[in-house]
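Read off the chains here:
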Amino acid sequence: MTFEQKMVIIFFTALGVVLGAALIGSASSIMVRQPPVTTMVRIAGEIKIWAIVAAIGGTFTAIEVLESGIFDGEFRAVIKQLLYVLSGFAGAQVGYFLILYLAGGNN
């Protein structure tokens, strides 16, 4: 898998985690008589960091790559890992903005 392909996969995985968690989580709020739109926005905001972690494949791999890159002088690996994290962050943030749009703005 090329670097670009992995970045795209990470972006859309993070996007999917945020959208899926918010939409399915809001459906469960109906069962407990809570407002689904408010719950959807709250879940989307709270799940963003976990979406990034899930998209990059766990934190330990990222930390190991960063550690070996910094201490062994492999700065290319550090840059790639940081770009993977940024790609995951961008996907999670786009998912959050889509949920906000569906909810009708800031809640």
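Use the structure listed above.
Notes on the structure in this doc start here.

Definitions and limits used
Residues numbered from 1 in each chain as written. Predicted model: local features only at pLDDT ≥ 70, side-chain atom pairs only at ≥ 80, totals over all residues. Heavy atoms only, no water. Helix = DSSP H or I, 4+ residues; strand = E, 2+ residues; numbered from the N terminus. Expected span 1.5 Å × (residues − 1). Phe/Tyr/Trp six-rings, centres within 6.5 Å; stacked < 30°, edge-to-face > 60°. Buried < 20%, exposed > 50% of the residue type's maximum accessible area, 1.4 Å probe, protein only. Lys NZ or Arg CZ within 6 Å of the ring centre and 35° of its normal. Axes fitted to C-alpha atoms, helices over the stretch in contact; angles between N-to-C directions. Parallel < 35°, antiparallel > 145°, perpendicular 65-115°, else oblique. Left-handed = near helix turned anticlockwise from the far one by under 90°. Contact = heavy atoms within 4.5 Å. Nonpolar A, V, L, I, M, F, W, Y, C, P; charged D, E, K, R; others polar.

Re helix H4 (residues 75-103)
- Compared with an ideal rise of 1.5 Å per residue, which puts 29 residues at 42 Å, H4 spans 42 Å between its outermost C-alpha atoms and is within 8% of the ideal.
- Just downstream of H4 lies Gly104, where phi reads positive at about 90°.

A word on the packing of aromatic side chains
- Counted under the stated rule, the structure contains three aromatic pairs.
- Considering the side-chain rings of Phe3 and Tyr84, the 5.3 Å spacing of their centres and the 35° angle between planes classify their relative orientation as tilted. With Phe3 in helix H1 (residues 3-31) and Tyr84 in helix H4, this pair connects stretches of sequence that are 81 residues apart.
- Accessibility expressed as a relative area gives 24% for Phe3, which makes it partly exposed.
- Each ring, one from Tyr96 and one from Phe97, has its centre 6.2 Å from the other, and the planes form 50°; the classification is tilted.
- Sitting over the ring of Tyr96, Lys48 keeps its end group 4.6 Å from the ring centre.

Section: the packing of helix H2 (residues 36-56) against H4
- Between H2 and H4, the shortest axis-to-axis distance is 8 Å and the interhelical angle comes to 165°. By the angle between their axes, H2 is roughly antiparallel relative to H4. Crossing of H2 against H4: the hand is right-handed. Two secondary-structure elements touch here, H2 through Val37, Met40, Val41, Ala44, Gly45, Lys48, Ala51, Ile52 and Ile56 and H4 through Tyr84, Val85, Gly88, Phe89, Ala92, Gln93, Tyr96, Ile99, Leu100 and Ala103.
- Its residues assigned to classes, the contact of H2 with H4 shows 15 nonpolar, three polar and one charged.

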